[in-house]
Number of protein chains: 2
Amino acid sequence: MIMDHTDLITTLKVKADQFNDFWIKYFPDGEPASLFEATKHLPSGGGKRLRPVLALLSCESISQNCYDVLPFAAALELVHNFSLVHDDIMDNSTLRRNLPTVHVKYGEPTAILAGDYLFAKAFEAMHDLNVDLDLYKNLNHGLIECILAICEGQQLDMIFEHRATITETEYMDMIKKKTAVLFSLASYGGAEIAGADTTMVTAMKNYGIYLGLAFQIWDDYLDLSSDEQTLGKDIGNDIRNGKKTLIAVNALQIATGTQKTLLQQTFGNPNATELDIHQVFSLFKDLKSIEYARKTAMNFNTKAKQCLGLLPETNTKQLLYHLTDYAIQRVT
Amino acid sequence: MIMDHTDLITTLKVKADQFNDFWIKYFPDGEPASLFEATKHLPSGGGKRLRPVLALLSCESISQNCYDVLPFAAALELVHNFSLVHDDIMDNSTLRRNLPTVHVKYGEPTAILAGDYLFAKAFEAMHDLNVDLDLYKNLNHGLIECILAICEGQQLDMIFEHRATITETEYMDMIKKKTAVLFSLASYGGAEIAGADTTMVTAMKNYGIYLGLAFQIWDDYLDLSSDEQTLGKDIGNDIRNGKKTLIAVNALQIATGTQKTLLQQTFGNPNATELDIHQVFSLFKDLKSIEYARKTAMNFNTKAKQCLGLLPETNTKQLLYHLTDYAIQRVT
C-alpha cells in the first residue's frame, strides 16, 4: 500500500470517526448537569484518538473481526482523558485543544470529580467488552497497572520540575510511565483481543513502548518549536515551569560556563521574560539538544517498526508503519 | 447472643484489625516516595473500617468460609478513602481523623494523584478476588456503579450548598448516592461472595441502603452536636459552608419570620461568628429539627433491621443487628 501523508491523515480520521461514533454512548446527559457537562467537555473537544486508533489497527492487523475491540479502545481514551483533566489542574494549564481546561471552565472541585467520573467510565467500558472472562480480567489488570504507572509518571514529572538536573535514565523512566505504557496496552491489548499468540503479544507490547517514547519526546519537541495557535498550549510555560523534557535534560547535562548559568537562571523561573525564553531556545539549538531529541525519537521509531515484523502482510500492517512514522512527523 | 456496647466495640475492633492486617499489602513502599506516602497517609490514619467489616459480617452471616471476601472489603475501603481524599480538597477540609488532610500535608497536586492511586488500587484489590469470573465481573460492575453514584452525590452536595433550600427528597437522593450505595454494595457483595440466593442478595442490598441513610443522617447530626476534639472536624464549618444536612433542610423548611431571616443570613455565610453559629444551633433545637433528624435515622435503622430477617439465626446475625443500632448510637 503506497500512502502519502494526506492519505494517512484521511485514513486515521476515518478510524477516529468510527471510534467517536462508538464511544459517544459513554457521555449521556444526566443530573447533576454540571458534572455531566464537565465530564464530556474534554472528550467532545476533539483530539486525534491515537490510543484507540492504535488498538483498532493492532487488532485489525491480526483479525478481520474487530468490533469487540471498541469498548477496550474507549477505556483507553477515557483513561487518557481522565489523566489530562487531573494533570491540567496540577499543572495550572489553562488551555487544552484550544479550549479552556475543565477546571478553568467548571471550577476545580467539579474538574476533580469529572476526572474521577471518566476514570470510572473507563472501567464501565471494559465491562462492555465482549471477550472471554479470563481475557477481560487480564486486560482489566493491564489497565489498572497502566493507571498506577501514569500516576507515578505524573508525580515524577512534577518532582523533576523542582530538581536542577535529572539523568536521561530518569527521564526515560518517567515518560515510559506517563505515556508509553498506555500506548503499549493499546497495542498488545488490541492484539490479544484479536487472538494473537504470546510471541506476537510481546512484540506488540514492545512496539507500544517504543512508539510511546518516540511520541512523547516528539511531543515535548513540538511544545518547544511551535506557537500557541498550533498546539493550543501556553508557550514558554514548559521552560518557566522547569519542565524536564529530553531537550532540557540534554542541555542541562552538556551546558558549561555562561550557558549553564543562563539555563539555571531561566529554567523553572516563573518570571522569565520573553527574551529569556528566546535565549534558552537559541541555546537549545546551539547545544544541538533539539537535534539530539529528534534523533532519539527517530531511534525509538526505528525500534518500534522492527517490532511490527511479525505481523502478517496486510494493508493494516502498512498503516501501522505509517502511523509509527507519523508519531515523529506530525506538527500538532 | 447478649452483647453490651463494650462487647460490640471490642468485636468490631477485632474484625477491623483482621481487615487491617490484610489490606496493608496494598500500601507497599515505592518510588516516587512522596506519592506512596501520600497514598497511605489517610488509610494508615485509622478509621472504623465500617464498610469492610460490614462486608465481612454480611458474608459470615451466610457462609463459614469467608477469607475470599477480604480483597472485596479492601476495594470498598480503598474507594471510600479515595473519595475522602478528593472530597477534602473540594471542601477545603484541613482535618480528618484528627490528622491534617492529604492536600494540607502533601499539597494539592500530590493529593489528587494519591486519590487516583487509591482508586486504581481498589480495582487491583478486586483483581485479587478469588471467586468465579462471572461474580468478579458482576462485583466489579457494582463497584463502578457505586463510584459513579458517589461522584454524582458529591457534586449534588456541593451544588446544594449554594441553593437557599432543597427538598427532603433531594437530600435523600444525595446521601443515597454519596454514602448509602457503598454500604449497600458492602452488604450484598458480601452475601454474593457467600453464595446467597437472589432473594437474600436483594434483602442485603436494601439493608445496606437503609443502614447507609441512617448512618449519614447520624453523621450530620454528630457534626452539629459534638466538639472538634471528638470528631476531628472543623465545627461550624457545615453551617458556614451552607451544607445541607437533614437538620438544615428541615429547619429551612419550617422556619418563618425572624427565625427564617437568621437562618438565611448565617447559613452559607463564611464570616458567621461563633455567636451566629450558637444561635443557629439553638434554633435547630427550638424547631425540633435535630429531633426530626434523629427520628428519621431511627426509622431507617428499623427498616434496615427488618431486611436482616431472612438471614439464618447465627451469632453473626445478632452482631449485624448490633452494628445497625451502633450506626445511630455512636458518638464518633
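Residues numbered from 1 in each chain as written. Chains lettered and ligands numbered in written order. Predicted model: local features only at pLDDT ≥ 70, side-chain atom pairs only at ≥ 80, totals over all residues. Heavy atoms only, no water.

A.B. asks: Help me out: how do you make sense of the interface of chain A and chain B in this one?
C.D. replies: Often, the extent of an interface is quoted as the loss of accessible area upon association of its parts. The partner chain B presents 41 residues to the 41 residues of chain A that form the contact. Interface of chain A and chain B: buried area, both sides summed, is about 3,700 Å²; carbon and sulfur atoms make up 72% of it. In this structure, the connection of chain A to chain B is made through zero salt bridges. The interface formed by chain A and chain B holds 12 residue pairs in polar contact (both at pLDDT 80 or more) in total. Among the secondary structure elements, those contributing two or more residues to the side of chain A that touches chain B are helix 2 (33-41), helix 4 (69-90), helix 6 (108-127) and helix 7 (133-161) of chain A. A total of 17 residues in the side of chain A that touches chain B trace back to one element, the largest contributor, which is helix 7 of chain A. Looking at side-chain class alone, the side of chain A that touches chain B contains 23 nonpolar, eight polar and 10 charged residues. (Contact = heavy atoms within 4.5 Å. Buried area = accessible area lost by both parts, 1.4 Å probe. Salt bridge = Lys/Arg side-chain N within 4 Å of Asp/Glu carboxyl O. Polar contact = N/O pair within 3.5 Å; in protein donor to acceptor, adjacent residues only side chain to side chain. Helix = DSSP H or I, 4+ residues; strand = E, 2+ residues; numbered from the N terminus. Nonpolar A, V, L, I, M, F, W, Y, C, P; charged D, E, K, R; others polar.)

A.B. asks: Teacher, can you tell me more about the state of the cysteines here?
C.D. replies: In a disulfide, the sulfur atoms of two cysteines are held together by a covalent bond. Residue and element names in this part refer to chain A. Taken as a whole, this structure holds two disulfides over all chains when the rule is applied. In this model, cysteine 59 is linked to cysteine 66 through a disulfide, with the two sulfur atoms separated by 2.3 Å. Since a negative S-S torsion denotes a left-handed disulfide, the cysteine 59-cysteine 66 link at about -90 degrees is left-handed. With no disulfide of its own, cysteine 307 lies 17 Å from the sulfur of cysteine 146, the closest cysteine sulfur. (Disulfide = S-S within 2.5 Å.)

A.B. asks: I would appreciate a short explanation of helix 13 (residues 257-266) of chain A in the present structure.
C.D. replies: An α-helix turns once per 3.6 residues; consequently, residues spaced three or four apart project the same way. All names here are of chain A. The set of residues buried in helix 13 consists of Leu262, Leu263 and Thr266. Summarising the axial view, the buried residues of helix 13 lie within an arc of 95 degrees, below the 170-degree limit, and thus occupy one face. Seen from the buried face of helix 13, the exposed residues on the opposite side, beyond 90 degrees, are Gly257, Gln264 and Gln265. Buried residues belonging to helix 13 abut helix 11 (237-240), helix 12 (246-254) and helix 14 (274-286). Once helix 13 finishes, glycine 268 follows within two positions and takes phi at roughly 80 degrees, a positive value. (Buried < 20%, exposed > 50% of the residue type's maximum accessible area, 1.4 Å probe, protein only. Arc of directions from axis to C-beta.)

A.B. asks: In this structure, what is going on with helix 7 of chain A? I would like to understand it.
C.D. replies: Taking 1.5 Å of rise per residue, the 29 residues of helix 7 of chain A would be expected to cover 42 Å, and the 42 Å separating its terminal C-alpha atoms lies within 8% of that figure. Across the 29 residues of helix 7 of chain A, 23 count as buried, placing the element largely inside the fold. (Expected span 1.5 Å × (residues − 1).)

A.B. asks: Teacher, can you tell me more about the nonpolar core here?
C.D. replies: Counting residues in each nonpolar core, the largest one holds 249 residues, and the members touching the most others are A:Phe72, A:Leu143, A:Tyr207, A:Phe284, B:Phe72, B:Leu143 and B:Phe284. Residues in contact with A:Phe72, not counting those within four places in the same chain, are A:Ala55, A:Met126, A:Leu129, A:Leu139, A:Leu185, A:Ala186, A:Gly189, A:Gly190 and A:Ile193. (Core = buried A, V, L, I, M, F, W, Y, C linked by side-chain atoms within 4.5 Å.)

A.B. asks: What is the right way to look at the packing of aromatic side chains in this model?
C.D. replies: Here a ring pair, both rings aromatic, is described through the centre-centre distance and the interplanar angle of the planes. The full count for this structure, using the stated rule, is 21 aromatic pairs over all chains. An angle of 25 degrees between the planes, with centres 6.0 Å apart, marks the rings of B:Phe119 and B:Phe123 as stacked. In this pair, B:Phe119 and B:Phe123 both sit in helix 6 (residues 108-127), four residues apart, roughly one turn of the helix. With relative accessibility at 0%, the residue B:Phe119 sits in the buried group. Judged by relative accessible area, B:Phe123 falls into the buried class, the value being 1%. Three or more aromatic residues joined by ring pairs form one cluster here, namely A:Phe82, A:Phe119, A:Phe123, B:Phe82, B:Phe119 and B:Phe123. The ring centre of A:Tyr188 lies 4.5 Å from the NZ or CZ of A:Lys205, which sits over that ring. (Phe/Tyr/Trp six-rings, centres within 6.5 Å; stacked < 30°, edge-to-face > 60°. Lys NZ or Arg CZ within 6 Å of the ring centre and 35° of its normal.)

A.B. asks: Sorry, what's going on with the relation of the copies chain A and chain B here?
C.D. replies: The second copy of the chain is related to the first by a rotation about an axis and a shift along the axis. Relative to chain B, chain A is turned by 180 degrees and slid 0.0 Å along the rotation axis, the superposed coordinates differing by an RMSD of 0.0 Å. Considering both components of the superposition, the chain copies are consistent with a two-fold axis. Within chain A, A:Leu133 has its C-alpha nearest the rotation axis, a separation of 3.1 Å. A symmetric contact is evident, with 100% of the interface residues of chain A recurring at the interface of chain B. (Least-squares fit on C-alpha atoms with pLDDT ≥ 70 in both.)

A.B. asks: Sorry, what's going on with unusual backbone geometry here?
C.D. replies: Most peptide bonds take the trans configuration, and most residues that are not glycine carry a negative phi. Between A:Glu31 and the following residue, A:Pro32, the backbone shows a cis peptide bond with an omega angle of 0 degrees. Residue placement: A:Pro32 occurs in the loop between helix 1 (5-23) and helix 2. Positive phi, close to 55 degrees, is recorded for B:Asn92, a residue that is not glycine. Structurally, the position occupied by B:Asn92 is in the loop between helix 4 (69-90) and strand 1 (95-96).

A.B. asks: So what exactly am I meant to see when it comes to the packing of helix 15 (residues 289-307) of chain B against helix 16 (residues 315-326) of chain B here?
C.D. replies: The axes of two packed helices give the description: the angle between them and the distance between them. Residue and element names in this part refer to chain B. Following both chains from N to C, one finds helix 15 and helix 16 inclined at 165 degrees, their axes separated by 10 Å at the closest point. As far as their axial angle goes, helix 16 and helix 15 are roughly antiparallel. In this structure, helix 15 crosses over helix 16, and the sense of that crossing is right-handed. Contacts between helix 15 and helix 16 involve Asn301, Ala304 and Lys305 from the first element and Tyr321, Thr324 and Asp325 from the second. (Axes fitted to C-alpha atoms, helices over the stretch in contact; angles between N-to-C directions. Parallel < 35°, antiparallel > 145°, perpendicular 65-115°, else oblique. Left-handed = near helix turned anticlockwise from the far one by under 90°.)

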